[in-house]
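Each chain is listed here by its residues.
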Amino acid sequence: SKHCVNLDSTTANVTVKPFELDMGFQFELCVTVSGKNIVVSEIPELPIPEAWMREKLELNFYKTEQAAGGGEIKNVTYTQESGTAVITFLKPG
(Lines give C-alpha, C1' and ligand atoms only; values in the text may rest on other atoms or scores of the structure.)
Protein backbone atom coordinates (compact mmCIF):
# COMPACT_ATOMS: atom_id res chain seq x y z
CA SER A 1 0.00 0.00 0.00
CA LYS A 2 3.03 2.32 0.23
CA HIS A 3 4.79 3.54 -2.90
CA CYS A 4 7.62 5.86 -3.83
CA VAL A 5 6.84 8.11 -6.82
CA ASN A 6 9.43 10.18 -8.70
CA LEU A 7 8.02 13.53 -9.84
CA ASP A 8 10.56 15.57 -11.84
CA SER A 9 13.44 15.96 -9.38
CA THR A 10 11.38 15.22 -6.27
CA THR A 11 10.50 11.89 -4.70
CA ALA A 12 7.18 11.51 -2.92
CA ASN A 13 6.07 8.70 -0.64
CA VAL A 14 2.40 7.90 -1.18
CA THR A 15 -0.06 5.52 0.44
CA VAL A 16 -2.88 3.88 -1.49
CA LYS A 17 -6.25 3.92 0.23
CA PRO A 18 -9.44 2.24 -1.00
CA PHE A 19 -12.36 4.36 -2.13
CA GLU A 20 -15.89 3.72 -3.36
CA LEU A 21 -17.11 4.66 -6.81
CA ASP A 22 -20.66 5.90 -7.18
CA MET A 23 -22.94 3.12 -8.36
CA GLY A 24 -24.51 3.33 -11.79
CA PHE A 25 -28.17 3.97 -12.40
CA GLN A 26 -30.72 1.21 -12.80
CA PHE A 27 -34.11 1.86 -14.32
CA GLU A 28 -36.90 0.14 -16.24
CA LEU A 29 -37.84 1.09 -19.80
CA CYS A 30 -40.97 0.61 -21.88
CA VAL A 31 -40.16 -0.49 -25.45
CA THR A 32 -42.21 -0.61 -28.65
CA VAL A 33 -40.63 -2.74 -31.40
CA SER A 34 -40.99 -2.44 -35.21
CA GLY A 35 -38.91 -3.90 -38.04
CA LYS A 36 -36.04 -1.41 -37.93
CA ASN A 37 -36.87 0.97 -35.07
CA ILE A 38 -37.40 0.60 -31.36
CA VAL A 39 -39.21 3.36 -29.49
CA VAL A 40 -38.08 3.56 -25.87
CA SER A 41 -40.28 5.55 -23.50
CA GLU A 42 -40.48 6.43 -19.82
CA ILE A 43 -36.72 6.96 -19.60
CA PRO A 44 -36.15 8.63 -16.22
CA GLU A 45 -34.36 11.97 -16.14
CA LEU A 46 -30.86 11.33 -14.83
CA PRO A 47 -28.10 13.78 -13.96
CA ILE A 48 -25.99 12.79 -16.98
CA PRO A 49 -25.50 14.54 -20.34
CA GLU A 50 -27.82 13.58 -23.21
CA ALA A 51 -24.84 12.26 -25.21
CA TRP A 52 -24.06 9.76 -22.42
CA MET A 53 -27.65 8.55 -22.38
CA ARG A 54 -27.58 8.07 -26.17
CA GLU A 55 -24.36 6.05 -25.83
CA LYS A 56 -25.81 3.93 -23.01
CA LEU A 57 -28.94 3.19 -25.04
CA GLU A 58 -26.86 2.35 -28.12
CA LEU A 59 -24.61 -0.03 -26.17
CA ASN A 60 -27.58 -1.70 -24.49
CA PHE A 61 -29.44 -2.41 -27.72
CA TYR A 62 -26.30 -3.32 -29.66
CA LYS A 63 -25.32 -5.86 -26.99
CA THR A 64 -28.72 -7.57 -27.14
CA GLU A 65 -27.81 -8.90 -30.59
CA GLN A 66 -26.43 -12.03 -28.91
CA ALA A 67 -29.58 -12.60 -26.85
CA ALA A 68 -32.90 -11.57 -28.37
CA GLY A 69 -32.74 -9.12 -31.24
CA GLY A 70 -30.63 -5.99 -31.33
CA GLY A 71 -27.75 -5.52 -33.71
CA GLU A 72 -25.73 -2.83 -35.39
CA ILE A 73 -27.15 0.63 -34.64
CA LYS A 74 -27.61 3.26 -37.34
CA ASN A 75 -28.88 6.09 -35.13
CA VAL A 76 -30.13 6.92 -31.64
CA THR A 77 -32.44 9.91 -31.21
CA TYR A 78 -32.98 10.76 -27.54
CA THR A 79 -35.14 13.57 -26.16
CA GLN A 80 -34.53 14.18 -22.47
CA GLU A 81 -37.61 16.40 -22.03
CA SER A 82 -40.04 13.69 -23.19
CA GLY A 83 -38.03 10.78 -21.79
CA THR A 84 -38.14 8.95 -25.13
CA ALA A 85 -35.65 7.59 -27.63
CA VAL A 86 -35.83 6.01 -31.07
CA ILE A 87 -33.20 3.36 -31.81
CA THR A 88 -32.73 2.75 -35.55
CA PHE A 89 -30.94 -0.42 -36.64
CA LEU A 90 -29.03 -0.92 -39.88
CA LYS A 91 -30.97 -4.10 -40.67
CA PRO A 92 -34.58 -5.03 -39.84
CA GLY A 93 -34.85 -7.83 -37.32
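Residues numbered from 1 in each chain as written. Predicted model: local features only at pLDDT ≥ 70, side-chain atom pairs only at ≥ 80, totals over all residues. Heavy atoms only, no water.

The name given to the chain in an unreviewed UniProt entry is NMI protein, with the source organism recorded as Certhia brachydactyla.

**Describing the nonpolar core**
Put simply, the rule reads: Definition used in this section: a nonpolar core is a set of buried Ala, Val, Leu, Ile, Met, Phe, Trp, Tyr and Cys residues joined via side-chain atoms within 4.5 Å. Think of it in three bands: residues with accessible area under 20% of the maximum for their type are buried, residues over 50% are exposed, and the middle band is partly exposed, with areas taken using a 1.4 Å probe on protein chains only. Helix and strand definitions here come from DSSP, where helices need a minimum of 4 consecutive H or I residues and strands a minimum of 2 consecutive E residues; each element is numbered from the N-terminal end.
Grouped together as the largest cluster of nonpolar side chains are 14 residues, with contacts concentrated most on Val40, Ile43, Met53, Leu57, Phe61 and Ile87. Among the secondary structure elements, those contributing two or more residues to this core are strand E4 (37-41), helix H1 (50-63), strand E5 (73-79) and strand E6 (84-89).

**Topic: the confidence of the model for the chain**
For clarity, the threshold we go by: For every residue, the predictor states its confidence as a pLDDT score lying anywhere from 0 to 100.
Averaged over every residue, the pLDDT of the chain is 80; the share at 70 or more is 75%. When the elements of the chain are averaged for pLDDT, strand E3 (residues 30-33) gives the smallest value, 65, and E5 the largest, 91.

**Regarding a nonpolar patch on the surface**
Here is the rule: Note on patches: the residues involved have over 30% relative accessible area and no salt bridge, like charges join within 9 Å, and the nonpolar side chains Val, Leu, Ile, Met, Phe, Trp and Tyr join within 5 Å. All accessible-area figures derive from a Shrake-Rupley calculation using a 1.4 Å probe, and residue coverage is judged against the displayed protein chains alone. Should a side-chain nitrogen of Lys or Arg be within 4 Å of a carboxyl oxygen of Asp or Glu, the pair is scored as a salt bridge.
A cluster of nonpolar residues, Val5, Leu7 and Val14, forms a patch on the protein surface that exposes about 210 Å² of accessible area. Its place among the elements puts Leu7 in strand E1 (residues 2-7).

**Digging into the environment of Pro92**
Rules: Throughout, a residue-residue contact means that at least one pair of heavy atoms, one from each residue, lies within 4.5 Å.
As for its position among the elements, Pro92 is in the segment after E6. The exposure class assigned to Pro92 is exposed, which follows from its relative accessible area of 63%. With 21 residues separating them in the primary sequence, Pro92 and Gly71 have C-alpha atoms 9.2 Å apart. Beyond its immediate sequence surroundings of up to four residues, Pro92 is in contact with Gly35 and Lys36.

**Things to note about unusual backbone geometry**
One non-glycine residue, Glu42, adopts positive backbone phi at about 60 degrees. Residue Glu42 is classed as exposed on the basis of its relative accessible area of 57%.

**Section: the pattern of salt bridges**
A side chain with one charge can pair with a side chain of the opposite charge if their charged atoms come near. One pass over the full model with this rule turns up one salt bridge. For Glu50, the salt bridge is made with Arg54, and the minimal N-O distance between the two is 3.9 Å. Highlighted residues: Glu50 and Arg54, both in helix H1, separated by four residues, approximately one helical turn.

**Quick notes on the pairing of E5**
This is how the line gets drawn: For two strands to count as paired, DSSP must find a minimum of two bridges between them.
As paired strands, E5 and E6 are joined by six bridges and run antiparallel to one another. In the sheet register, Asn75 faces E6, and the bridge partner there is Thr88. The loop that links E5 with its antiparallel partner E6 comprises four residues; one of these, Gly83, has a positive phi angle of about 70 degrees.

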